[in-house]
Protein chains: 2
Amino acid sequence: MAVYTEVSDEELSAFLETYDIGTVLSYKGIAEGVENTNYFLHTTKGSYILTLYEKRVREADLPFFLGLMQHLAQKGLNCPLPVNNRRGESLGRVAGRPAVIITFLEGIAVRRPTAQHCGALGGALAKLHLAGRDFDGHRPNALSLEAWAPLFAQAEAQADTVSQGLAERTHRELASLGASWPRGLPSGIIHADLFTDNVFFIGSEVSGLIDFYFACTDAFAYDVAICLNAWCFEIDGSFNLTKGRAMLAGYQAVRRLDADEIEALPVLCRGSAMRFMLTRLVDWLNVPPGALVKPKDPLEYDRKLNFHRHVKHAREYGLEA
Amino acid sequence: MAVYTEVSDEELSAFLETYDIGTVLSYKGIAEGVENTNYFLHTTKGSYILTLYEKRVREADLPFFLGLMQHLAQKGLNCPLPVNNRRGESLGRVAGRPAVIITFLEGIAVRRPTAQHCGALGGALAKLHLAGRDFDGHRPNALSLEAWAPLFAQAEAQADTVSQGLAERTHRELASLGASWPRGLPSGIIHADLFTDNVFFIGSEVSGLIDFYFACTDAFAYDVAICLNAWCFEIDGSFNLTKGRAMLAGYQAVRRLDADEIEALPVLCRGSAMRFMLTRLVDWLNVPPGALVKPKDPLEYDRKLNFHRHVKHAREYGLEA
């Protein structure tokens, strides 16, 4: 949560004049989004979000992300629609940053999802996978298997200061993942970061998916694994099988997992836990002085990884045979 | 800018059920308000702000602030209206904090006001002073003359680490202010913190005044002095006489300053600069580790104070004779 870049009145006015979205009635910096600066914008024509991309998003990737959102919105998925300016472009610049205006989505991000939320999320995830099939953009997953060893190299020397034995555990696990990582699974556009803050609900229905800035081309089942990790564990670290069952059933009602995907699910869950453990660990060890964002606990994902090591079959996540 | 207190879904739902404001469609933490946590709340009935009061606001003062806002809104002033819950009370509790729901005001806080903005602000300030005359609440100004020596005592030993000679300058000035501080000026409800972030505009019209949590009973002209300091200096420290003239003319068009108030304006400007220099200095020297809020520069107000030392007459602020 943070506003990294302050926008002056003059800059904002000049930027908004390049759009046909009416007169601004109010705007507020919103305490959301770890990667970017977001302003809520209310105009005589509606509600929007102004996003300024901070350094962590590669500018060269923005056309992919924006094109994807436009594609998915056209397919009827509830995701933010980048608004074109008067020149027909969605990407502009404010305060020295690449910036876009996207439509505002109603809904509430639940912090403690119920099984019902998990079921709805499973369905929305499958719809996203189907809606992305005919998108012609392509972006390799920059945080998959090949990225993990270099990430770990940044943190290895200090890993045991975070948890005794973490370096050794991670080494062993990286070797095991390298040997068993599945190839050739059904692939396409995945969200790759569908945590609870990126899913809006109205009641128990999904009203929107946001934050596509990790979206990439990878195995659909890897996205399922990310969601199992993000949605189906309790705060005490236990896996809630009822939630897992609801999510997987919700997913399968829209898109059935094939036999290879089902078999790969435990190793994909381990891999996805490794990915978030590692990025969190690097952030944890590199908190800049005066940081506005509290780093997330890498050990949460170390514990999840350990859970998955003992899983033999996707049934243990709640998959109905 | 900060969200100090995270509110869980369950707590929020339970709290909102005590109100008759419809179903929540979205809520977002907003990066505004140095003292409190604010959420933007959109429901089927309208837009609101949920405010959670953090430690700096004394809970015993809340009925005064809320009663004042209700009084001013009734008088037609554009200020947030605290919404009563089903039991007819405006003050509740969320996440262990006193909390209220207030109506949302449209408008934009200008960061670099023009003379036109200053003129409109002067008029709005005078209307506030008039609207508050028949409010029967009373609250002494806890940050006036008597508070400055104890505040300075907290910072004196380290003052010269911030600026060479600051301790000595402040000592001399406090003695001078004590000897010349005006008594018996026309008094009533003042806002006491009407910085640019607390005033919303649509175009060049004032659409709302917010953040009444320093409001108190004190000399009206002291509020004028606070606004001269907050609105009429340029970033380079120079006083913009055109802005001062516009503000004072805007004020006088609604409420005329009397001869005593005019005579007292230079010393009131010095006093108000002292008040903000001192609270900023104490904050500057006491930034807690991991603070989310960047402290404001006390020396900005030390420089303003120095400007006022050379002012002989309110004409130098732009007052038309």
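Every value quoted in this text rests on a predicted model; they were computed, and no experiment measured them.

J.: Residues and numbers for the environment of Asp283 of chain B, please.
T.: Residue and element names in this part refer to chain B. Tracing the sequence through the fold places Asp283 in helix 8 (residues 259-285). Sequence separation between Asp283 and Asp297 is 14 residues; the distance between their C-alpha atoms is 9.4 Å. In contact with Asp283, other than residues within four places in its own chain, are Arg56 and Pro295.

J.: Please give an account of the interface of chain A and chain B that cites residues and values.
T.: Between chain A and chain B, the residue contacts involve 29 residues of the former and 29 residues of the latter. Summing the contributions of chain A and of chain B, the shared interface buries around 2,700 Å²; its carbon and sulfur component is 53%. There are zero salt bridges connecting chain A and chain B. Summed over the shared surface of chain A and chain B, the result is six residue pairs in polar contact (both at pLDDT 80 or more). Secondary-structure elements contributing two or more residues to the side of chain A that touches chain B are helix 1 (9-16), strand 1 (24-30), strand 2 (36-43) and strand 7 (199-202) of chain A. It is strand 1 of chain A that provides the largest number of residues to the side of chain A that touches chain B, a total of seven residues. Here the residues of the side of chain A that touches chain B sort into 16 nonpolar, five polar and eight charged.

J.: Tell me about the domain arrangement of chain A, residues and numbers included.
T.: Residues and elements named next belong to chain A. When its domains are assigned, chain A resolves into domain 1 (9-103) and domain 2 (115-317). Put simply, the middle of domain 1 and the middle of domain 2, counted by C-alpha atoms, are 27 Å apart. Between domain 1 and domain 2, the contact holds 19 residues from the first and 22 residues from the second. Across the interface of domain 1 and domain 2, roughly 1,800 Å² is buried in total on both sides, 70% from carbon and sulfur atoms. Here domain 1 and domain 2 share two salt bridges between them. Two residues, Arg139 and Asp61, come together in a salt bridge whose shortest N-O distance is 3.4 Å. Element by element, the count of residues in the side of domain 1 that touches domain 2 is highest for helix 2 (residues 62-74), at seven residues. The residue makeup of the side of domain 1 that touches domain 2, split by class, is 11 nonpolar, four polar and four charged.

J.: Could you give an account of unusual backbone geometry, naming the residues involved and the relevant values?
T.: Residues and elements named next belong to chain B. Notably, Ala192 is not glycine yet its phi reads approximately 75°, a positive angle. On the secondary structure map, Ala192 appears in the loop between strand 6 (187-190) and strand 7 (199-202). A positive phi angle, close to 60°, is found at Asp211, a residue other than glycine. Within the fold, Asp211 resides in the loop between strand 8 (205-209) and strand 9 (216-219).

Here is what the cut-offs are and how they apply
- Residues numbered from 1 in each chain as written.
- Chains lettered and ligands numbered in written order.
- Predicted model: local features only at pLDDT ≥ 70, side-chain atom pairs only at ≥ 80, totals over all residues.
- Heavy atoms only, no water.
- Helix = DSSP H or I, 4+ residues; strand = E, 2+ residues; numbered from the N terminus.
- Contact = heavy atoms within 4.5 Å.
- Buried area = accessible area lost by both parts, 1.4 Å probe.
- Salt bridge = Lys/Arg side-chain N within 4 Å of Asp/Glu carboxyl O.
- Polar contact = N/O pair within 3.5 Å; in protein donor to acceptor, adjacent residues only side chain to side chain.
- Nonpolar A, V, L, I, M, F, W, Y, C, P; charged D, E, K, R; others polar.
- Domains from an automatic or database assignment.

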